[in-house]
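# Observations on the three-dimensional arrangement
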Amino acid sequence: MEHQRMILLSFLILTFLTSVLVRPSHAIWLNLPSTGTKCVSEEIQSNVVVLADYVVISENYTHTPTISVKVTSPYGNNLHQKENQTSGQFAFTTAEGGNHLACFWIDGHHQGGGDVSLNLEWRTGISAKDWESVAKKEKIEGVELELVKLEGAVKAIHENLLYLKSREADMRIVSEKTNGRVAWFSIMSLGVCILASTLQLWYLKRFFHKKKLI
């Protein structure tokens with residue numbers, strides 16, 4: 001009985017950690033201006049699956065306006081680009097860690113003159129995984145499937161913590177280099193001030209001697 005309670009408690013703790021630490025899929029509503037571009041970005045570590053669906057909401061239009069979409073990596077690599085779309089999907093596995101940018105704009109031939117609403121559903125990591133296919137392939141269901149999901153969530157949390165640790169180490173190195181440069185700059189500035197003061201005193205003393213004022 002006590003063993004079953006411990007298993008249940010562990011299951012509840014893992015479920016709580018999954019719901020808190022793992023980012024679920026989320027829908028975003030965007031109002032695209034008649035001219036210009038609207039972008040969304042998310043910081044994602046490398047080797048993470050990203051899946052997104054987008055659709056133009058055309059309740060106030062006789063003809064559904066079309067949009068263009070472009071997705072780029074932190075280093076400017078083109079991950080997805082489409083034109084004349086009313087709905088679509090893009091999926092990729094990140095090769096670089098950092099801010100991934102998705103930009104949307106209304107195609108030039110749209111004559112409505114007003115803003116266009118866009119619904120974007122953005123999923124990353126285990127949220128982007130097709131668990132139905134996994135269940136069919138592994139022939140699992142129910143509690144066993146939930147445990148597999150939790151295992152994936154724990155792995156994702158671990159990888160995210162390692163990524164954050166790596167970013168913290170990079171930031172610490174940059175901070176230490178900056179502090180070192182500031183310290184050297186302060187020492188150099190102090191040395192220049194002392195040298196300038198010494199030269200000024202020497203010049204004034206020489207000037208007063210020449211004028212026989214001292």
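Residues numbered from 1 in each chain as written. Predicted model: local features only at pLDDT ≥ 70, side-chain atom pairs only at ≥ 80, totals over all residues. Heavy atoms only, no water.

Let us look at the pattern of salt bridges. One pass over the full model with this rule turns up three salt bridges. Across the pair Arg-123 and Asp-53 runs a salt bridge whose closest N-O atoms are separated by 3.2 Å. Here Arg-123, found in strand E8 (residues 116-124), pairs with Asp-53, found in strand E3 (residues 49-57); they are 70 residues apart in sequence, far enough to count as distant. Overall, Arg-123 belongs to the buried group, its relative accessible area being 13%. One salt bridge connects Arg-123 with Glu-121, and the closest N-O pair in it is separated by 3.3 Å. Using a relative accessible area of 30% as the deciding quantity, one classes Glu-121 as partly exposed. A cluster of three or more residues bridged by salt bridges with shared partners is formed by Asp-53, Glu-121 and Arg-123. (Salt bridge = Lys/Arg side-chain N within 4 Å of Asp/Glu carboxyl O. Helix = DSSP H or I, 4+ residues; strand = E, 2+ residues; numbered from the N terminus. Buried < 20%, exposed > 50% of the residue type's maximum accessible area, 1.4 Å probe, protein only.)

Within soluble globular proteins, side chains that are nonpolar generally end up buried alongside one another. Residues Leu-32, Tyr-54, Phe-90, Phe-104, Leu-118 and Trp-122 are the most contacted members of the largest nonpolar core, which totals 21 residues. If you list the elements that add at least two residues to this core, you get strand E1 (26-32), strand E2 (38-44), E3, strand E4 (67-72), strand E6 (87-93), strand E7 (98-106) and E8. (Core = buried A, V, L, I, M, F, W, Y, C linked by side-chain atoms within 4.5 Å.)

Let us look at the side chain of Ser-68. Relative to the helices and strands, Ser-68 resides in strand E4. Polar contacts involving the side chain of Ser-68 include one to the side chain of Asp-107, which spans 2.5 Å. (Polar contact = N/O pair within 3.5 Å; in protein donor to acceptor, adjacent residues only side chain to side chain.)

What follows is about unusual backbone geometry. Even without a glycine there, the phi angle at Asn-47 is positive, about 60°. Take Asn-47: it is sitting in the loop between E2 and E3. One non-glycine residue with positive phi stands out, namely Asn-84, at about 55°. Here Asn-84 lies in strand E5 (residues 78-85).

Moving on, we get to the sheet that holds E5. Spatial strand order, E2-E7-E4-E5: four strands in an open sheet with antiparallel pairing. For this open sheet the edge positions go to E2 and E5, each flanked by a neighbour on one side alone. Across the sheet, the mean angle from the axis of one strand to that of its neighbour is 10°, orientation sign disregarded. Note: E4 against E7, six bridges, orientation antiparallel. When the sheet's bridge partners are listed, Thr-72 is paired in E7 with Leu-101. (Pairing = 2+ DSSP bridges. Axes fitted to C-alpha atoms, helices over the stretch in contact; angles between N-to-C directions.)

So, on to the packing of aromatic side chains. In the structure shown here, the tally under the stated rule is four aromatic pairs. Measuring from ring centre to ring centre gives 6.2 Å for Tyr-54 and Phe-90, while their planes differ by 35°; the resulting arrangement is tilted. Taken together, the residues span a long stretch of sequence, with Tyr-54 in strand E3 and Phe-90 in strand E6 at a distance of 36 residues. Considered together, Tyr-54 and Phe-90 belong to a single accessibility category, that of buried residues. Aromatic rings pair up to connect Tyr-54, Phe-90, Phe-92, Phe-104 and Trp-122 into one cluster. (Phe/Tyr/Trp six-rings, centres within 6.5 Å; stacked < 30°, edge-to-face > 60°.)

Quick look at the UniProt feature "transmembrane region" (unreviewed entry) in the protein now. Summarizing the sequence annotation, UniProt attributes the feature "transmembrane region" (unreviewed entry) to residues 182-204 in the numbering used throughout. A helix fraction of 100% and a strand fraction of 0% characterise residues 182-204, whose end C-alpha atoms lie 33 Å from each other. (UniProt positions renumbered as here; feature names shortened; annotations may be inferred.)

This part takes up the state of the cysteines. Taken as a whole and assessed by the stated rule, the structure comprises one disulfide. At a sulfur-sulfur separation of 2.0 Å, the disulfide partner of Cys-39 is Cys-103. One quick way to see it: the torsion about the S-S bond of Cys-39 and Cys-103 is about 105°, and its sign makes the bridge right-handed. In this pair, Cys-39 sits in strand E2 while Cys-103 sits in strand E7, placing the two residues 64 residues apart along the sequence. Take Cys-39: its relative accessible area is 34%, and that puts it in the partly exposed class. (Disulfide = S-S within 2.5 Å.)

With that settled, consider the confidence of the model for the protein. The share of residues in the protein with pLDDT of 70 or more is 71%, and the mean pLDDT across the chain is 77. The weakest mean pLDDT in the protein belongs to helix H1 (residues 2-21) at 47; the strongest belongs to E4 at 92. Confidence drops under a pLDDT of 50 for residues 14-24, and excluding neighbours within four residues, the segment shows 16 contacts in the predicted structure. (pLDDT = per-residue confidence, 0-100. Contact = heavy atoms within 4.5 Å.)

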